[in-house]
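Single-letter residue listing:
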Amino acid sequence: MTVKVLAIDDSRTIRSLVQKVMEDAGFDCICAEDGVDGIARFAEVAPDVVITDINMPNMDGYGVISSIRGGEINQSVPILVLTTESADHLKARARAAGATGWIVKPFDDETIVSVVRRVTGAAG
Amino acid sequence: MAPQSSIRDTFFEECEDLLEALAEGLAAMADGARDTDTVNAVFRAVHSVKGGAGAFALTDLVAFAHRFETVLDGVRSGTLDLTPEVMHTMQRSADHLADLVEAARNEDVLPPDVSDAFLANLDQCLGAEPESLDMGDTPFDFAVIPLEFGDDPAPKEPAGHVIRFRPLQQLYANGHDPALLIAAVHALGPCEVALDLSALPDWDGPDALTPGLGWTLRLAGRESETALQEIFEFVEGLCELDISPLEDAPVPADPLPSVAAPPPPAPGPEAPSPAASAAQKPDLAAGAEAGEARGPKPTLRVDLDRVDRLINSVGELIINQAMIAQRLQDMALAPDDDVSLHVEDYRLLARDIQEAVMAIRAQPVKPLFQRMSRILREAAEATGKSARLVTFGENTEVDKTVIERLADPLTHMIRNAVDHGLEGPDARRAAGKDGTGTIRLGAAHRSGSVIITIRDDGAGLNRPRILDIARRKGLVAPDADLADAEIDGLLFLPGFSTASAVSNLSGRGVGLDVVRNAVTALGGRISIASVPGQGTEFTISLPLTLAVMDGMVVSVAGQTMVVPITSILETIRPAPGDLHRVGTDDSLLSIRGRFIPTVDVARSLGFTDPSARADFPLLLLVEGENQSQCALVVDAVHDQRQVVIKGLDSNYGQVPGVSAATVLGDGQIALILDPDAIAAHRAGPAATAAPRPSLFHADVHHGQH
């Protein structure tokens, strides 16, 4: 079964990049423009993994994580945080909110794919 | 990483939006806005530029954006005071960020010392804040997932590893699956897995739901510890984990088959999560509510060529409609004939389509205005003056091309307003004004035109000095007695530039004559008004679109021509006594107690055949620059209609007195006159370059074949 990825990022550039890399890897990728949009999409598409930016308008990445984790459906979906910060306190905060892992921008194609595979168990 | 060039384009397009948001946010902050939304939006703009730039390995941009972001973060978190100096540095940094983006787009590199200077300014804002160093670890190198796990264990590879691993509840809650981790370890090499049940809770006790499963994995092979660390990177702290080298290398004879199907984690991931996350429920509710309220308008990005093709087709449609209407008229059908009514519907529909298509090309002037605030800052800095820009009507929409071609003239006028319009702070205070000058830049729609005004609250035009300069440069006769408006108009003459005297801004090599030419080329007009001690106002009036206009079809010397409706005040058939001859060729029209000069269009365009002259000519009263009026002499006025503008520039070059051509309903080609240029031609020797009558004449014949 094809892995369904939900990519949430307010940057059009990053969304396009993630989508392209995911699709090249044979995954389905659905995009959302901010946290609120992301949560709406989450309910619609039931993704196998969520990749979310932290710093976004309307609802930030932490909000996305706690909404999903505290939600009614699919609460334990792997959630990867996409962030330019690699500072440990930010990772710690994301993890405290319930993030499964993180990807530091700028990412390279293989890394992001391998991280997605790692948390979803998708065959490589 | 080789992102497609289309994504690169996306990045730069996005950067435009981000830089716009940045400028807007900073402007709001400069005006005193301190709310989180504004500050966050500013932070996010820089942050997103950095994020995208990183993906394209634009190191200069990333480095600068990062430092900028650090300052913004300080402001956001309140550790950095938003002093005027910091505000100023941020605005200048935003300008520099825009330069860096532009340079990256052109695959250009800015001189490093420029960036260094800006970086130094930002550092100065940060003072001795240690955070700048703290944050500086990653963005400059492009290592991917940083693996901060100490030294490279390469020198002494162990024969294998023993991994003791016991998930805590939080591990499951965060969406991890121990089976996947075990499988990942197994993928590294032969691996033996033992389930450790020693920590299972008492099933009957209060901790029954506490996860208690653990595993011990013995991985053989010379895999580096780093690879293992990477697998467990995300679960560090979410489990009891111990990785130690396997000293005595008991490589299992054959990999254990049981590993292929790792044991299921006892408490399923779902089990602990409700308990773990009960406290977070309100967030979801908040999210769902916000979900109802959201909804940016969906937009579509379209290749400009496609829009232009559409506009061109619509232009042809309008011509086609006009031709059909003309044919019907020639056929003398009854006005209530079905065909006539349908054609009228067709005309209305065509007009609707045309307006809708034009709207696609229309853009708000806001980004253009925002760029001007930068120009203002730079000009103020260069001249040592203090100035602020106040804009209004930013959402006024204008044709994209008009906006693009307006950028240079507007830039010049803003510089001009700072350089020449505003006084220095001391002089201002001495005159009882605020030391900081205000320049108001506004846009508005007015009767089919777009009006752009640039007003400063400076000293006003120094008319004696302007007149003096004009005399010295031989632009006016030494004894000429000019009205105020005429003196102001001298500023637009080629060769008039007071700039040389004043400052280093004048080195840009543009005079107001160039501004006027640019505006005229857009089919617009520029005028000036000034009150001594109170300031100067320039008004630019532009057509809404460059593609069509409403025109009056007239005859001149046997030729059919079109005069833009917007410049015609009224049409007059003068009584014999209303025209007063002056000198040999000129005459004045007497109207309502005023005398207005007349211009013979045929003569000024070089049609020398007087036999074509009707005995009782018609006059079109037109208003030119500076509200000066004159009356154009034409032979006949036919009708008023919408015409599609076809540029002449690319085919013939510019023809004085003619702005463009059009195709009329009967397929005839007609020239569109430029009343201002024709009126200016009359105005005297100083005003215009010599027309080229012979060339023009040839063109007309060419056009009519």
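Look up: the structure comes first, before these words.
Residues numbered from 1 in each chain as written. Chains lettered and ligands numbered in written order. Predicted model: local features only at pLDDT ≥ 70, side-chain atom pairs only at ≥ 80, totals over all residues.

Thoughts on the overall build of chain B
Point 1. Counting secondary structure elements, chain B contains 22 helices and 22 strands.
Point 2. Scored against the burial criterion, the 705 residues of chain B give a buried share of 35%.
Point 3. Counting contacts in chain B only where the partners sit at least 6 residues apart, residues at least 24 apart contribute 70% of the total. (Helix = DSSP H or I, 4+ residues; strand = E, 2+ residues; numbered from the N terminus. Buried ≥ 20, exposed ≤ 12 C-beta atoms within 10 Å, placed from the backbone. Contact = placed C-beta atoms within 7 Å.)

Focus on the overall build of chain A
Point 1. Along chain A, the regular secondary structure elements total 5 helices and 5 strands.
Point 2. Each helix (α) and strand (β) of chain A, taken in turn from the N terminus, gives the series β-α-β-α-β-α-β-α-β-α.
Point 3. Per-residue burial over chain A gives 65% buried out of 124 residues.
Point 4. When contacts within chain A are restricted to residue pairs at least 6 apart in sequence, long-range pairs at least 24 apart make up 58% of them.

Let's talk about the sheet that holds strand β15 (residues 579–582) of chain B
Residue and element names in this part refer to chain B.
Point 1. An order of β14-β18-β19-β17-β16-β15 is seen for the 6 strands of this open sheet, with the pairing classed as mixed. Two strands in the sheet have a free side with no partner beyond their single neighbour: β14 (568–572) and β15. In this sheet, neighbouring strand axes are inclined to one another by 30° on average, regardless of whether the strands run parallel or antiparallel.
Point 2. In this sheet, strand β19 (residues 629–634) lies alongside strand β17 (residues 594–600) in parallel orientation, the contact comprising 3 bridges. Across the sheet, residue D600 finds its bridge partner in β19, namely V633. (Pairing = 2+ DSSP bridges. Axes fitted to C-alpha atoms, helices over the stretch in contact; angles between N-to-C directions.)

Some thoughts on the environment of D17 of chain B
Point 1. Within the secondary structure, D17 of chain B sits in helix α1 (residues 5–30).
Point 2. For the pair D17 of chain B and A45 of chain B, spaced 28 residues apart in sequence, the C-alpha separation works out to 8.7 Å.

Notes on the packing of helix α4 (residues 84–105) of chain B against helix α5 (residues 112–126) of chain B
All names here are of chain B.
Point 1. Between α4 and α5, the least distance of the axes is 10 Å, while the angle of their chain directions is 150°. Taken together, the axes of α4 and α5 lie roughly antiparallel to each other. Where α4 crosses over α5, the handedness of that crossing is left-handed. Across the interface between the two elements, V86, T89, R92, S93 and H96 from α4 touch F118, N121, L122 and C125 from α5.
Point 2. Of the residues in the contact of α4 with α5, the class split is 4 nonpolar, 4 polar and 1 charged. (Parallel < 35°, antiparallel > 145°, perpendicular 65-115°, else oblique. Left-handed = near helix turned anticlockwise from the far one by under 90°. Nonpolar A, V, L, I, M, F, W, Y, C, P; charged D, E, K, R; others polar.)

Details of the sheet that holds strand β22 (residues 669–673) of chain B
Residue and element names in this part refer to chain B.
Point 1. Read across the open sheet, the 5 strands follow the order β20-β12-β13-β22-β21; overall the sheet is mixed. Both edges of this open sheet fall to β20 (636–644) and β21 (658–663), since each of them pairs with a single strand only. Direction aside, neighbouring strands of the sheet carry axes that sit 35° apart on average.
Point 2. Sheet contacts for helix α12 (residues 304–330): β12 (548–556), β20 and β21; angle to β20, the most-contacted strand, approximately 145°.

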